[in-house]
Amino acid sequence: MGEKTIFQRIIDHEIPAKIVHEDDRCLAFHDVNPQAPIHVLLIPKQPITSIETLADQDAALMGHLMLTIRNVARQLGLVEGGYRVVTNCGQDAGQSVDHLHFHILGGRPLSWPPG
Ligand code: 5GP
């Protein structure tokens, strides 16, 4: 088995994170280098590399992740102003951690398109 990703180490509570939600299937915590007043990452506990490596059997898990993103956004007070959900997949998107993660960004107007 390869070396653990930084997110696997957070799941295993080997390194600290400011956790905002945890259940049996996923974990949400503040990004260490926030790009907006609120910048939270939501990850599955299952070691999935990216959206590209999802299996058909992961459909229920993905549904759970999306509903949890909705709940976390509500919890963080992002609903009124709105927010953005992003997942970077692979090199051109700038994915830097090989563990599926969704960025939840809000608390300021977000420009479009991204760089
Ligand atoms: P990516 O560029 O792969 O889409 O996003 C990875 C994100 O993980 C980046 O926004 C980066 O700031 C965040 N990150 C990297 N290492 C850590 C860490 O140890 N703790 C936390 N909380 N976030 C991290």
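Structural notes, computed from the coordinates.

Conventions and cut-offs
- Residues numbered from 1 in each chain as written.
- Predicted model: local features only at pLDDT ≥ 70, side-chain atom pairs only at ≥ 80, totals over all residues.
- Heavy atoms only, no water.
- Helix = DSSP H or I, 4+ residues; strand = E, 2+ residues; numbered from the N terminus.
- Rg over C-alpha atoms; globule rule 2.2 N^0.38 Å.
- Buried < 20%, exposed > 50% of the residue type's maximum accessible area, 1.4 Å probe, protein only.
- Contact = heavy atoms within 4.5 Å.
- Areas by Shrake-Rupley, 256 points an atom, 1.4 Å probe, with all protein chains shown as cover.
- Lys, Arg positive; Asp, Glu negative; His and termini not counted.
- Charge placed at Lys NZ, Arg CZ, Asp CG, Glu CD.
- Pairing = 2+ DSSP bridges.
- Axes fitted to C-alpha atoms, helices over the stretch in contact; angles between N-to-C directions.
- Disulfide = S-S within 2.5 Å.
- Salt bridge = Lys/Arg side-chain N within 4 Å of Asp/Glu carboxyl O.
- Expected span 1.5 Å × (residues − 1).
- Near = heavy atom within 4 Å.
- Polar contact = N/O pair within 3.5 Å; in protein donor to acceptor, adjacent residues only side chain to side chain.

A few words on the overall build of the protein. Broken down by element type, the protein carries two helices and five strands. Scanning the protein from its N terminus toward the C terminus, one meets helices and strands in the order α-β-β-β-α-β-β. In terms of overall dimensions, the protein is globule-like: its C-alpha atoms have a radius of gyration of 14 Å, near the 13 Å expected for 115 residues. Dimensions of the protein along its principal axes, counting C-alpha atoms only, are 40 × 30 × 30 Å. Burial statistics for the protein: of 115 residues in total, 36% are counted as buried. Within the protein, contacts between residues separated by at least 24 positions form 54% of all contacts whose residues are at least 6 apart in sequence. If you sum the accessible surface of the protein, you get close to 7100 Å²; carbon and sulfur atoms cover 52% of it. Taken as two groups, the 9 positive and 13 negative side-chain charges of the protein have centres that lie 8 Å from each other.

The next subject is the sheet that holds strand β5 (residues 102–106). In spatial order, the strands read β1-β2-β3-β5-β4; together these five strands make up an open sheet with antiparallel pairing. Here the strands that pair on one side only, and so sit at the sheet edges, are β1 (19–22) and β4 (83–86). When strand polarity is set aside, the average angle formed by the axes of neighbouring strands in this sheet is 15 degrees. Here strand β2 (residues 26–30) pairs with strand β3 (residues 38–44) via five bridges, running antiparallel. Across the sheet, residue L27 finds its bridge partner in β3, namely I43. Sitting on the sheet, helix α2 (residues 59–75) is in contact with β1, β2, β3, β4 and β5, with an inclination near 155 degrees to β3.

This part takes up the state of the cysteines. Inspection of the entire model under this criterion finds zero disulfides. Not engaged in a disulfide, the cysteine C26 finds its nearest cysteine sulfur in C89; these two sulfurs lie 19 Å apart. Judged by relative accessible area, which is 0%, C26 ranks as buried. Given the relative accessible area of 33%, C89 is considered partly exposed.

Turning our eyes to something else, we now look at the pattern of salt bridges. Tallied over the entire structure, the rule returns five salt bridges. Residue E14 pairs with R9 through a salt bridge whose shortest N-O separation is 3.2 Å. In this structure E14 comes out as partly exposed when scored by relative accessible area, which is 42%. Among the residues examined, R9 registers a relative accessible area of 33% and is labelled partly exposed.

Moving on to α2. Here α2 is 17 residues long and its end C-alpha atoms lie 24 Å apart, about the 24 Å a rise of 1.5 Å per residue gives. Within α2, the full set of buried residues consists of L61, M62, H64, L65, T68, I69, V72 and A73. Where α2 is buried, its residues touch β1, β2, β3, β4 and β5. Looking one or two residues past α2, G77 carries a phi angle of roughly 75 degrees, positive in sign.

Moving on, we come to the site of the ligand. The local shell around the ligand holds 16 residues, among which D31, N88, S96, H101 and H103 are the closest. A distance of 2.5 Å separates an oxygen atom of the ligand from a polar side-chain atom of D31. Within the contact set of the ligand, an oxygen atom lies 2.8 Å away from a side-chain nitrogen or oxygen of H101. Bound to the protein, the ligand loses 81% of the 520 Å² it would expose on its own. Contributing elements (two or more residues each) for the shell around the ligand: α1 (6–11) and β2. Per-element accounting of the shell around the ligand gives the leading share, three residues, to α1.

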